[in-house]
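The residues making up each chain are set out below.
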Amino acid sequence: LVLLGASCGGGGGSASGSDIARAATKSARAGSLEADFAISGRGLEGSGSGVFNTGGKRAGQLSMKVTASGRQIPVDTIVTGDVFYMRSPVFTQAVTEGKQWIKLDLAALAEQRGIDLSSLLDASPTPTNALAYLAGASDVEKVGSESVQGAKATHYEVTVDLQRAASHANGSVR
């Protein structure tokens, strides 16, 4: 598995797999992280950023812009456990009769449909899971440096040994 665009603080030069793994562990222990992300699916693309809890309880807040059928749609989401609170002008116009927020309870929907939500969520990519992958970092190559929100950051291309990452992982991340 190769991860592109991994970023670590500091404007330093080279790094080893162990350096990347230590940085990922330190980030996970911080309690929260800020991440930029991209999504892509059938007729849907988008990007956004958010702040996520790296502890046991899934929580976070994110903003994204999604393009569907050539139309760019802003979506704000607050995540708390298995519940998503979402706000978008599209929801206000289409389904909520003027209400700004809709509630999406994944646990209730999964139960109605007979789906095992825990296995689905464990398999889904999350910022915490991405940090766990980096525990298996092996080959590291510096790609470049830049300033991210005023802080120096170094971007690396990292090859990840998934067996090594799994051996270092805990709980549902494993």
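Each remark here, short or long, concerns the structure printed above.
First, a word on scope: everything that follows refers to the structure included in this document. (Residues numbered from 1 in each chain as written. Predicted model: local features only at pLDDT ≥ 70, side-chain atom pairs only at ≥ 80, totals over all residues. Heavy atoms only, no water.)

**Things to note about the sheet that holds strand E6 (residues 83-87)**
Threshold: Between any two strands, pairing holds if DSSP finds at least two bridges. Put simply, DSSP marks the helices as runs of H or I at least four residues long and the strands as runs of E at least two long, and each gets a number from the N terminus on. Each axis is a line fitted through C-alpha atoms, taken for helices only over the stretch in contact, and angles between the N-to-C directions span 0 to 180 degrees.
Ordered by their spatial adjacency, 6 strands build an open sheet running E2-E3-E4-E5-E6-E7, and the pairing between neighbours is antiparallel. This sheet does not close on itself; its edge strands, each paired only once, are strand E2 (32-41) and strand E7 (101-105). Averaged over all pairs of adjacent strands, the angle between their axes in this sheet comes to 20°, without regard to strand direction. Across 10 bridges, E2 lies against strand E3 (residues 44-53) in antiparallel orientation.

**Examining the pattern of salt bridges**
Our working definition: Any carboxyl oxygen of Asp or Glu that lies within 4 Å of a side-chain nitrogen of Lys or Arg is treated as forming a salt bridge with it. Exposure classes here rest on a 1.4 Å probe applied to the protein chains alone. A residue is buried below 20% of its type maximum, exposed above 50%, and partly exposed in between.
Under the counting rule described, the total for this entry stands at 2 salt bridges. As a salt-bridge pair, Asp 19 and Arg 22 come within 2.5 Å of each other at their nearest N and O atoms. Residue Asp 19 and its partner Arg 22 are located together in helix H1 (residues 17-29), separated by 3 residues, close to a single helical turn. Arg 87 is the partner of Asp 76 in a salt bridge, and the nearest nitrogen-oxygen pair spans 3.1 Å. Highlighted residues: Asp 76 in strand E5 (residues 71-80) and Arg 87 in strand E6, separated in sequence by 11 residues. With a relative accessible area of 24%, Asp 76 lands in the partly exposed category.

**Considerations on the side chain of Ser 88**
Spelled out, the test is: Polar contacts, as counted here, are pairs of nitrogen or oxygen atoms within 3.5 Å of one another; within protein the pair requires one atom able to donate a hydrogen and one able to accept it, and residues that are adjacent in sequence qualify only if both atoms are side-chain atoms. Here, two residues are considered to be in contact whenever any of their heavy atoms come within 4.5 Å of each other.
Within the fold, Ser 88 resides in the loop between E6 and helix H2 (89-94). Judged by its relative accessible area of 2%, Ser 88 is buried. Of the polar contacts made by the side chain of Ser 88, one reaches the backbone oxygen of Pro 74; its length is 2.8 Å. If we skip the residues at most four places from it in the chain, Ser 88 touches Ile 73, Pro 74, Val 75 and Gln 100.

**Observations concerning the pairing of strand E4 (residues 59-68)**
Pairing geometry for E3 and E4, over 9 bridges, is antiparallel. Along E4, the bridge assignment pairs Ser 47 with Lys 65. Pairing of E4 with E5 involves 10 bridges; the strand directions are antiparallel. Residue pairing for E5: Ser 63 is matched across the bridge by Asp 76. The antiparallel hairpin formed by E4 and E5 contains 2 residues in its connecting segment, where Ser 69 sits at a positive phi of about 55°.

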